[in-house]
Amino acid sequence: MKKLVLSVSGGGALGIGPLQFMKRLEADLNKPLHEICEAYAGTSTGSIIVSGICKSKSGPGKTASELFDLYKNNLEKIFKKRGVLDLSKATNYYKYLNSGLKKMLYEVFPGKMDKFGKPIFIPTTYMNGKSTEKVWDRSDDWMDRAFAILSSCSAPTYFDSLTLDGQMYCDGGMWANDPIMVLVAGLSRLRKKDREVAKTFADGFKVLSFNTGMVPPNKGPSNKSILGWLTYIIDEWVARTGNSNLFEAREVIGAENVFRCEPKVSKSYAMDDLKITNDIVKIWDEYYDSYDEEEEKKKKGKKTVGQKVCQFVKSTME
C-alpha cells in the first residue's frame, strides 16, 4: 500500500488557510495527520506547518487544530513591524523583526534536526558563494530545528536574512516555494540508502500538496521599472506557487498519486496582511465544501473537494 506524504508551500500568514482545511480533514478522518503521514516537506510558513505535524522521536506531532491556534495566537508577534525606514538610505531593508518568530520556534521546536521522527525536508537558500540550494533534513544532526525552520522563513524584504558561522541563509521560497519535488527527490534518495525508509515506501507514496498562496489571476506588473519588476517578483512571483514542480511531480510518480489543494481566488492576498485572516479561513473552509470543475460536470455521484481528499488519504491507510 502506498504511504501518504505531505507537502506545504510558503505564504506567510496565509498558512492559516491550509490549517483550516486540515482541521476539517482530520475531523472527517477521525484521525490526526501525524498518525497517517510518513514524510514531509515544507517551505517558509509550510516548514512550520509540516514540522509541527511531523512526530518527534520523543512524542506525537501536533494536530491541525493545535497548529491553527498556534498561528492565531502568534501572528501579531511574528509580524512585528521593524519601524519606519528611509528607503533611500536603508542598506538592509526588511519590514519585520524576526524576534517573535524566533522565540516561538525555539519554544515549539527544541532540539536538533535528528529529533524528527519521520523524514522531513526543509528548503532554504544558502548564500555560501558556491550553491544557493540547501535542504535541511534529519542528517543535519548539528542544526537546531528552530534555526532550520527560521532560515526557510526569512523572506527578503519581509524578514532579515540569517548568518551562522559566516554563512548567510534566506527564504527557501527563493528557489522552492513549492517543495513537492524536494519531497519526491528526497524520498527517492533516502529509499536507496535507508533500509527502514525503503521498507516503509516499498509500494510507493501519494503526495497531499497544499498551495498556501492559492490560485489568483496572474498578471504582470503595471509598473515595468526595475523597482516595479522587483516588487512583482518578490510579492507575486516568488511568493506564489507556480505549477512547474507540480507538473514534474505528476510526471515522475503519476498524476493519480498527487492531490493538490489550492482554492481559486479572484485576487492576490498579501502574505502579511493580518486583517484578512478570517477571510482566508473562510476561503479554505468554503473550498473544502466545494465541487471542482470535473465534479460539476457530473450529474450523479458528485464529491466535494473535502470528500475527494478524504478518499485520497484513506487509500493510504491500513
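Whatever comes next refers back to the structure up there.
Cut-offs applied
Each residue is numbered by its place in its chain's sequence as written, counting from 1. Under the rules for a predicted model, residues below a pLDDT of 70 receive no local features and side-chain atom pairs below 80 are neither given nor counted, while totals for whole chains, interfaces and linings still include all residues. Water and hydrogen atoms were dropped before computing side-chain values, which therefore reflect all heavy atoms in the structure. Only runs of H or I of at least four residues qualify as helices and only runs of E of at least two qualify as strands under DSSP, and these elements are numbered from the N terminus. Using C-alpha atoms as the atom set, the radius of gyration is obtained and then compared with a globule rule of 2.2 Å times the number of residues to the power 0.38. Three exposure classes are used, based on accessible area relative to the maximum for each residue type with a 1.4 Å probe and protein chains only: buried under 20%, partly exposed in between, and exposed over 50%. Residues count as neighbours in contact if any of their non-hydrogen atoms are within 4.5 Å of one another. Here the open area of atoms and residues is found with the Shrake-Rupley method and a 1.4 Å probe, where only the protein chains shown may cover a residue. Asp and Glu count as negative and Lys and Arg as positive, but His and the ends of the chain are not part of the count. We put the charge of a Lys on NZ, of an Arg on CZ, of an Asp on CG and of a Glu on CD. The criterion for strand pairing is that DSSP finds at least two bridges linking the strands in question. Fitted lines through C-alpha atoms serve as axes, helices being fitted only where they are in contact, and the angles separating the N-to-C directions of these axes extend from 0 to 180 degrees. Amino acid classes used here: Ala, Val, Leu, Ile, Met, Phe, Trp, Tyr, Cys and Pro are nonpolar; Asp, Glu, Lys and Arg are charged; the rest, including Gly, are polar.

J.: Mind showing me how you'd approach the overall build of the chain here?
T.: Along the chain, the regular secondary structure elements total 13 helices and 10 strands. Computed over the C-alpha atoms, the radius of gyration of the chain is 19 Å, within 12% of the 20 Å expected from 2.2 N^0.38 for a compact globule of 318 residues. Taking the principal axes of the C-alpha coordinates as reference, the chain spans close to 60 × 45 × 35 Å. When each of the 318 residues of the chain is scored for burial, the buried share is 52%. Sequence separation of at least 24 residues holds for 73% of the intrachain contacts in the chain that already meet a minimum separation of 6. Of the roughly 15600 Å² of accessible surface on the chain, 50% is carried by carbon and sulfur atoms. For the chain, the separation between the mean place of its 48 positive charges and that of its 40 negative charges on side chains is 1 Å.

J.: What am I meant to see in the pairing of strand 9 (residues 205–210) here?
T.: Within a regular beta strand, the side chains point alternately toward one face of the sheet and then the other, so they alternate between its two faces. Of all the six residues making up strand 9, six are buried; the element is thus mostly covered by neighbouring parts of the structure. Every second residue of strand 9 is oriented toward a common face, with Phe205, Val207 and Ser209 on one face and Lys206, Leu208 and Phe210 on the other, all of them buried. Examined bridge by bridge, strand 9 and strand 10 (residues 258–261) share four bridges and lie parallel to one another. For Ser209, the partnering residue across the bridge sits in strand 10 and is Arg260.

J.: So what exactly am I meant to see when it comes to the packing of helix 7 (residues 180–193) against helix 10 (residues 244–253) here?
T.: The description of two helices packed together rests on the angle between their axes and the distance between the axes. Remark: helix 7 packs on helix 10, axes separated minimally by 8 Å, with the N-to-C direction vectors making an angle of 35°. Residue-level contacts link Ile180, Met181 and Val184 of helix 7 to Asn245, Leu246, Glu248, Ala249, Val252 and Ile253 of helix 10. Of the residues in the contact of helix 7 with helix 10, the class split is seven nonpolar, one polar and one charged.

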